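# Fold and contact review
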Amino acid sequence: MNILQIAAASVCISIVALTVKNMRSEMGQLISIGAVVIVMTAMVPYIIKVISSMREFASYASLGETYLTPVLKITGIAYVSQIGAELCEDSGEKALAGRVEAAGKIAISVIALPIAKDAFIKIMEILA
């Protein structure tokens with residue numbers, strides 16, 4: 001499925017969800033959640049291509065998995081927390097959406113700490 005098909009399907013599903021929400025709001029929300037799952041499933045081949053390309057770049061730079069794994073985890077956390085927050089917000093739970101975003105940022109910070117530490121050590125070695 002290419003991006004045009006995904007976009008067209010998403011617009012169609014949005015129209016259906018909006019129509020259903022007017023009759024039964026909970027069903028419209030379920031349709032929206034289902035659409036997110038379908039779109040993310042359709043994106044899996046593209047995600048796999050990105051990950052394999054990043055692994056290839058990391059091997060060219062002789063980085064191995066040292067930096068690649070945290071970068072991939074950070075990217076995944078960013079997407080998951082954004083989608084989760086948007087679903088909460090669409091459900092009318094703005095406060096919960098904010099907590100999902102905050103949890104994502106904290107998780108990203110925890111994963112990024114070793115990379116920041118390594119960068120700091122390298123800078124100190126260069127300056128010394």
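Scoring rules and cut-offs
Residues numbered from 1 in each chain as written. Predicted model: local features only at pLDDT ≥ 70, side-chain atom pairs only at ≥ 80, totals over all residues. Heavy atoms only, no water. Helix = DSSP H or I, 4+ residues; strand = E, 2+ residues; numbered from the N terminus. Rg over C-alpha atoms; globule rule 2.2 N^0.38 Å. Buried < 20%, exposed > 50% of the residue type's maximum accessible area, 1.4 Å probe, protein only. Contact = heavy atoms within 4.5 Å. Expected span 1.5 Å × (residues − 1). Bend = angle between axes of the 7 residues up to and from the residue. Patch = residues over 30% accessible without salt bridge, like charges linked within 9 Å, V, L, I, M, F, W, Y side chains within 5 Å. Areas by Shrake-Rupley, 256 points an atom, 1.4 Å probe, with all protein chains shown as cover. Salt bridge = Lys/Arg side-chain N within 4 Å of Asp/Glu carboxyl O. Lys, Arg positive; Asp, Glu negative; His and termini not counted. Charge placed at Lys NZ, Arg CZ, Asp CG, Glu CD. Axes fitted to C-alpha atoms, helices over the stretch in contact; angles between N-to-C directions. Parallel < 35°, antiparallel > 145°, perpendicular 65-115°, else oblique. Nonpolar A, V, L, I, M, F, W, Y, C, P; charged D, E, K, R; others polar.

This brings us to the overall build of the chain. If you tally the helices and strands in the chain, you get four helices and zero strands. Starting at the N terminus and ending at the C terminus, the chain contains elements arranged as α-α-α-α. Relative to its length of 128 residues, the chain is extended, with a C-alpha radius of gyration of 19 Å against a globular reference of 14 Å. Across the 128 residues of the chain, 13% fall into the buried class. Considering only contacts in the chain between residues 6 or more positions apart, those separated by 24 or more positions represent 47%.

Okay, the environment of Gly76 next. Its location among the elements puts Gly76 in helix H3 (residues 65-90). For the pair Gly76 and Ile108, spaced 32 residues apart in sequence, the C-alpha separation works out to 9.6 Å.

Next up on the list: helix H2 (residues 25-60). Across its 36 residues, H2 extends 51 Å between first and last C-alpha, which sits within 8% of the 52 Å expected from 1.5 Å per residue. Remark: the principal bend of H2, roughly 45°, maps to Val44, with a proline, Pro45, within the next four residues. Listed as buried for H2 are Gly28, Gln29, Ser32, Ala35, Ala42 and Ala58. Residues of H2 that are buried sit in contact with helix H1 (3-23) and H3. Just beyond H2, the residue with positive phi is Ser62, at close to 60°.

On to helix H4 (residues 94-127), then. Here H4 contains 34 residues, and its C-alpha end-to-end distance of 46 Å stays within 8% of the 50 Å for a straight helix at 1.5 Å per residue. When the local axis directions of H4 are compared, the greatest deviation, roughly 40°, occurs at Ala112, which is followed within four positions by the proline Pro114.

Bringing a nonpolar patch on the surface into the picture now. On the surface, Phe120, Ile121, Ile123, Met124 and Leu127 cluster together into a nonpolar patch covering about 520 Å² of accessible area. As for its placement among the helices and strands, Phe120 is situated in helix H4. For Phe120, a relative accessible area of 53% translates into the label exposed.

For the rest of this paragraph, the subject is the environment of Val71. Its place among the elements puts Val71 in helix H3. Given the relative accessible area of 34%, Val71 is considered partly exposed. For Val71 and Ile115, which are 44 residues apart along the polypeptide, the C-alpha to C-alpha distance reads 9.4 Å.

Attention now moves to a negative patch on the surface. Taken together, Glu86, Glu89, Asp90 and Glu101 make up a surface patch of like negative charges. Per-element accounting of the negative patch gives the leading share, three residues, to H3. Its place among the elements puts Glu101 in helix H4.

Right, let's get into the packing of H3 against H4. Put simply, H3 and H4 touch, their axes get as near as 8 Å, and they point 170° apart. Here H3 is positioned roughly antiparallel relative to H4, judged by the angle of their axes. Contacts between H3 and H4 involve Tyr67, Pro70, Lys73, Ile74, Ile77, Ala78, Ser81, Gly84, Ala85, Cys88 and Glu89 from the first element and Lys94, Leu96, Ala97, Val100, Glu101, Gly104, Ala107, Ile108, Ile111, Ala112, Ile115 and Asp118 from the second. Of the residues assigned to the contact of H3 with H4, the class counts are 15 nonpolar, three polar and five charged.

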